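Observations on chain architecture
Here is how the chains run, residue by residue.
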Amino acid sequence: MATTDEEPPSIEHPLLEPNFLQRRLYQLKLAGTAANHHTLVCLPTGLGKTTVSLLVTARRLDEVGGKSLMLAPTKPLVQQHADFYREALAIPDEEIVVFTGDVSPDDRSATWDDATVIMATPQVIENDLVGSRISLRDVTHVTFDECHRATGDYAYNYIAERYHADAADPLVTGMSASPGGDEEAILEVCENLGLEEVEVMTEDDADVAKFTHDTDVEWERIELPDEVLEIRDALNEVIKDRLEKLKELGVARSTQPDQSQKDLNRMRAELQKLINNDQSEGYKGMSVHAEVMKLRQAVTLVETQSVEALRRYFERQRNQARTSGASKASQRLVSDPRVREAMRRAERFDELHPKYRKTRMLLAETLGLEGGERVIVFTESRDTAEALTEFLSESFDAKRFVGQGDREGSDGMTQKQQQEVLDQFRAGEFEVLVSTSVAEEGLDVPEVDLVLFYEPVPTAIRSIQRKGRTGRQSEGRVVVLMAEDTRDEAYFWISRRREKEMESELRELKGMADDIAEELDDAQRSLEAFDGGSGADADAGTDPASGATADTRNPDAVGDSSSGNEGGSTQPGLQDFANRNSDSSDEDDGGGGDEDEDENGDEEPIEEIDRHVPGTDDPETIEIVADQREMDANIARELSRRDGIEIRLETLDVGDYVCSDRVVVERKSVADFVDSLVGGDRSVFEQVGAMARHYSRPIVIVEGEGLYEQRDVHPNAIRGALSSLAVDFGASVLRTEGEADTTELLAVIAKREQELSSREVSVHGEKGTKTLGEQQEYVVSSIAEIGPVTARSLLEEFGTVEAVMIASEEELQEADGVGKVTAERIREVIGNEYAGSK
């Protein structure tokens, strides 16, 4: 297909740069719906999902005000969005800010209030919300890019929940080229993000088709040489042997090495049940299961990647087995004679892997014979990406593009390095980009002549993301390399089936907002209350004030919203959001509207909404300081959801949670607790010793079941450790069943300390961060454990620490809050001879 010769006109809007955005009818239709509803926008990669979000943002900022927040899963994608918005929006560049882990929490907190548009990774916003550094109250539009990630415990879910609860006037847009493999998955995304409408455009839509081109999908069957198959077969024999052991335990039904991942997950679940029942067979079986998983990874590498990738993997396994804390699975793996023979064969293999040969041939055809300019090669393995880049660089100008995390034998790329590589690729400075999955989602990688899948991708989402890199401006080509009779073939057919299923689901979901609303649970449907309860009017396109019917999906809704509607039709605009609550409340109670305003978070409950904002001075608020490394658990998130509890995230020198000036809590799973007894960088005794030096009431929470069945440690050794913590270190050792139980316990401890004992939270053990006043309060508060409130009163009365120390009992009682008993206790500590350890 070819684009029309005549370029469409540009979109005009007060907050958009003139002549910057091309007017595309399908984008305007999508934005028209998204500006009036919490909407899931499904659009093929490369056709402007970000533009749709931008149009909605411009309209919200112009007509409602406030802030806009756009979330994306990777740092390069966040930066790309920021660059685009700075070009497109007619607001100062400094008001469009980027929040990633590279920006310090203090800087983010200071910048938030002055920013108009914030681009961020979700983990950063989640941490800032949990840590009470920011408020979503004034955010009038949130975009969740690549929103198919909104499943499980991903940060998108927590942010969406908080946004709907805290924002005065929320509007959510979810964007994805591939929101899920079936209707259930798509509905889950809608539920988790609070989305009410689903808008779908495909290449078959007339408005979209003119901007797309056909993409051929080819697959190349690769025959593996005998030497590679012999390595694979040797490893499969070991897998069969290990599965035989699991079959003897009654958890494996077959010993065939090509077990499905579903079957392996089922085996693991059954082994976990044995462990939960304190059966030692469960622990032995779990170790064997871990070995099976390692061996399967080795087989996958040699079948679908390369022998070089297998060599690198074996080297890492050898190194892990040599470490002091190595698992038995790792040690057995590298000591098995059959595995050692497979390692030797891999070392001896010096031929070119057939996938390497085919890749080089396809690149030569595209870049040489056909005169192409750019190619992307995708692979699942970083080892393959690095080895393949090195190999291809002998014939082409190739560079790798991988994630930021460092791994053994493999350095990651910094955000700056990633950006430089993408800029160079866009500018045509090199011709082959060899990338892992980091470039799949949304990155504005330029139009390419060939997308080469080094292996099939077993999920529809990732396959669609990758194919979206070609075929936008001209006909493109996608080639999938598939090793015969290997997992490659299975993954390929799974991918094809899931893509067809997804395409079918999207077509069925298209325009089915009413059906989706019925499928969502009651809690999800109640989100209509955040929209002033006007869902019915909005769906029908009825003006709440006049009753006139209007087309809420007018394609010109965004482009002309601020300059008047063509033809004089009445188009419901974002102005309605400000009036809907008062309209409905006038009908309900004659214009008072107080009850409705309370429910919708507009007027009265400001204090409740702002309970998460730093600096709140509500005397009933309980504060808990959590170590930010504890965000791997859900405890801090769950506590932050609760009324009357405020979480502050810091990097604590001692403990995981601070509940008062005297109580610090170290949380350990049963496995971590036992590990800290037998190895590791820092034992539990060192940790609790440091806690006891800074807090008078250290607490150790041991979380989970099976404490005496960990790592073959004798139960009496564990009991001895528990006794030592209590007797020698003065620590309280408490047991909890899991994260939920720990959450409840922390809330109770903090409540007792701060409400019943009137204690404040004070973080001790920090290195050189306290002011002089804080140090003075700390010294005085440590006397007879009188606490920071009384210490502050004494210092205000006497002026110096020295004056407090030499004051008499009668003089001490002149300070507010100091009675006779407290004064006697202070003088007893200060005036008596040192008692030592007597």
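Residues numbered from 1 in each chain as written. Predicted model: local features only at pLDDT ≥ 70, side-chain atom pairs only at ≥ 80, totals over all residues. Heavy atoms only, no water.

With that settled, the discussion passes to helix H10 (residues 261–276). In a regular helix each residue adds 1.5 Å, so 16 residues correspond to 22 Å; H10 covers 22 Å between its end C-alpha atoms and thus fits that length. Buried residues in H10 make contact with helix H9 (226–248) and helix H11 (280–304). A positive backbone phi angle near 60° is found at Asp 278, which sits one or two residues after H10. (Helix = DSSP H or I, 4+ residues; strand = E, 2+ residues; numbered from the N terminus. Expected span 1.5 Å × (residues − 1). Contact = heavy atoms within 4.5 Å.)

Another point: the packing of H10 against H11. Where H10 contacts H11, the axes come no closer than 8 Å and their chain directions differ by 160°. Considering their axes alone, H10 and H11 lie roughly antiparallel with respect to each other. H10 and H11 meet at a crossing whose hand is left-handed. Along the contact surface, H10 presents Gln 261, Leu 264, Met 267, Arg 268, Leu 271, Gln 272, Leu 274 and Ile 275, while H11 presents Glu 281, Gly 282, Tyr 283, Gly 285, Met 286, His 289, Val 292, Met 293 and Arg 296. Considered class by class, the residues forming the contact of H10 with H11 number nine nonpolar, five polar and three charged. (Axes fitted to C-alpha atoms, helices over the stretch in contact; angles between N-to-C directions. Parallel < 35°, antiparallel > 145°, perpendicular 65-115°, else oblique. Left-handed = near helix turned anticlockwise from the far one by under 90°. Nonpolar A, V, L, I, M, F, W, Y, C, P; charged D, E, K, R; others polar.)

Our focus in this paragraph is the sheet that holds strand S2 (residues 67–71). The strand order across the open sheet formed by seven strands is S3-S4-S2-S5-S6-S1-S7, and the pairing between neighbours is parallel. Two strands in the sheet have a free side with no partner beyond their single neighbour: strand S3 (96–99) and strand S7 (197–200). Averaged over all adjacent pairs, the angle separating strand axes in this sheet is 15°, with direction ignored. Summarising the sheet, strand S1 (residues 39–42) and S7 pair through four bridges and their orientation is parallel. Bridged to Leu 40 within S7 is Val 198. (Pairing = 2+ DSSP bridges.)

The next point concerns unusual backbone geometry. Not every positive phi belongs to a glycine, and Asn 19 is a case in point at roughly 60°. In this structure, Ser 758 takes a positive phi of about 55° despite not being glycine. Mapped onto the secondary structure, Ser 758 falls in the loop between helix H30 (739–756) and helix H31 (772–781). Accessibility expressed as a relative area gives 53% for Ser 758, which makes it exposed. (Buried < 20%, exposed > 50% of the residue type's maximum accessible area, 1.4 Å probe, protein only.)

What follows deals with the environment of Ile 96. Assignment of secondary structure puts Ile 96 in strand S3. Sequence-wise, Ile 96 and Asp 83 are 13 residues apart; in three dimensions their C-alpha atoms are separated by 9.1 Å. Discounting residues that sit within four places of it in the chain, Ile 96 has contacts with Ala 82, Tyr 85, Arg 86, Leu 89, Ile 91 and Val 117.

If you look at the biggest cluster of nonpolar residues, it comprises 57 residues, and the most contacted ones within it are Leu 69, Leu 71, Ile 125, Phe 144, Leu 193 and Ile 647. In terms of residue count, the dominant contributor to this core is helix H6 (residues 155–166) (five residues). The contacts of Ile 125, once residues within four sequence positions are left out, are Leu 69, Leu 71, Phe 99, Trp 112, Ala 120, Ile 134 and Ile 159. With 39 residues, the next largest nonpolar core counts Leu 363, Ala 398, Leu 452 and Val 457 among its residues. (Core = buried A, V, L, I, M, F, W, Y, C linked by side-chain atoms within 4.5 Å.)

On the surface, a cluster of negative charge is made up of Glu 796, Glu 797, Glu 810, Glu 811, Glu 814 and Asp 816. Secondary structure elements with two or more residues in the negative patch: helix H32 (787–798) and helix H34 (809–812). With respect to the helices and strands, the residue Glu 810 is situated in helix H34. Residue Glu 810 is classed as exposed on the basis of its relative accessible area, which comes to 56%. (Patch = residues over 30% accessible without salt bridge, like charges linked within 9 Å, V, L, I, M, F, W, Y side chains within 5 Å. Areas by Shrake-Rupley, 256 points an atom, 1.4 Å probe, with all protein chains shown as cover. Salt bridge = Lys/Arg side-chain N within 4 Å of Asp/Glu carboxyl O. Lys, Arg positive; Asp, Glu negative; His and termini not counted. Charge placed at Lys NZ, Arg CZ, Asp CG, Glu CD.)

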